[in-house]
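# Architecture and fold: a report
What follows is each chain in one-letter form.
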Amino acid sequence: MAIVLSVIITAMVMAIAWTAGTQAQSVASLRNLDQAFYAADAGAQRVAWYCKNNKLAALPSPLTGTIGGYAYSVTWTTVSGSTIRVASTASLGSVAYTLYQTITPPVTGGAVFAASGSFDNKNITVTGDLQVGGNYSNGGNGSLTGNL
């Protein structure tokens, strides 16, 4: 009876050890895939910054780099106007992730208020962009919702 019981307990321990090992490998694979995703996203965000600041022509294609040991390569094509389609692939060893994004730069207009000198926003609510040729200050209850 003791031998049968010890064989059953040994089988259960071996099954639990096998399951734990399989789960550990699965978690490690997911961690590596997450790191590849974030590296691909970092490359795509670099291209997005250049696109949104109208400096995309200054970038070599493909844009390559490394982050956290993962190498990424980003290519892009123009969809229409200034909208681009980005494909960013990051890899390390056998782990790779490809990310696709469509990026449209924001439409920027002129400032809603412009001053050639300094401007003190004492009691004015400005909604939109403000452009000043000197210093900006807020000496009262005014507010600015936009870019300076």
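Residues numbered from 1 in each chain as written. Predicted model: local features only at pLDDT ≥ 70, side-chain atom pairs only at ≥ 80, totals over all residues. Heavy atoms only, no water.

### Describing the nonpolar core
Counting residues in each nonpolar core, the largest one holds 20 residues, and the members touching the most others are V47, V74, W76, I84 and V86. Of all the secondary-structure elements, those providing two or more residues to this core are α1 (2-52), β2 (70-80), β3 (83-92) and β4 (95-103). No other element matches α1, which puts seven residues into this core. If we skip the residues at most four places from it in the chain, V74 touches G43, A44, V47, P62, L63, V86, A87 and S88. (Core = buried A, V, L, I, M, F, W, Y, C linked by side-chain atoms within 4.5 Å. Buried < 20%, exposed > 50% of the residue type's maximum accessible area, 1.4 Å probe, protein only. Helix = DSSP H or I, 4+ residues; strand = E, 2+ residues; numbered from the N terminus. Contact = heavy atoms within 4.5 Å.)

### A look at the pairing of strand β1 (residues 63-67)
Relative to β2, β1 runs antiparallel, the two being bridged by five bridges. The residue of β2 that forms the bridge with T64 is S73. With antiparallel pairing between neighbouring strands as the criterion, β1 and β2 make up a hairpin whose turn holds two residues, including G68 at a positive phi of roughly 60°. (Pairing = 2+ DSSP bridges.)

### As for the sheet that holds β4
Spatial ordering of the open sheet is given by β1-β2-β3-β4, a layout of four strands whose pairing is antiparallel. The strands lining the two open edges of the sheet, one partner per strand, are β1 and β4. Along the sheet, successive strands turn relative to each other by an average axial angle of 20°, direction set aside. The sheet contact formed by β3 and β4 spans nine bridges and is antiparallel. Residue V86 lies in a different strand from β4, and its bridge partner there is Q101. (Axes fitted to C-alpha atoms, helices over the stretch in contact; angles between N-to-C directions.)

### Looking at the environment of T127
With respect to the helices, strands and loops of the structure, T127 is situated in strand β7 (residues 125-127). Between the C-alpha atom of T127 and that of S143, which follows or precedes it by 16 residues, the distance is 8.2 Å.

### Focus on the packing of aromatic side chains
Counted according to the given criterion, the structure contains four aromatic pairs. With a centroid separation of 5.1 Å and an interplanar angle of 70°, the aromatic rings of F37 and Y38 are classed as edge-to-face. Classification of Y38 by relative accessible area gives exposed; the value is 57%. A centroid spacing of 5.3 Å and a plane angle of 90° characterise the contact between F37 and Y97, whose relative ring orientation is edge-to-face. Of this pair, F37 sits in helix α1 while Y97 sits in strand β4, and the two are 60 residues apart along the sequence. A relative accessible area of 26% places F37 in the partly exposed class. Among the aromatic residues, those joined into a cluster by ring pairs are F37, Y38 and Y97. (Phe/Tyr/Trp six-rings, centres within 6.5 Å; stacked < 30°, edge-to-face > 60°.)

### Some details on the environment of A57
Residue position: A57 is located in the loop between α1 and β1. We classify A57 as exposed; its relative accessible area is 82%. Through-space distance from the C-alpha of A57 to that of G146 is 28 Å; in sequence the pair is 89 residues apart.

### Some remarks on the side chain of T83
Summarising the element assignment, T83 is placed in strand β3. Leave out the neighbours within four places in its chain, and T83 touches T77, T78, T102, I103 and T104.

### Side note on the side chain of N121
Inspection of the secondary structure assignment puts N121 in the loop between β6 (119-120) and β7. Within the structure, N121 has its side chain in polar contact with the backbone oxygen of I124 (distance 3.4 Å). Of the polar contacts made by the side chain of N121, one reaches the backbone oxygen of S143; its length is 3.2 Å. Look past the residues within four positions of N121 in its chain and what remains in contact with it is V126, Y136, S137, N138, G139, G140, G142, S143 and L144. (Polar contact = N/O pair within 3.5 Å; in protein donor to acceptor, adjacent residues only side chain to side chain.)

Coordinates in, geometry out; function isn't part of it.
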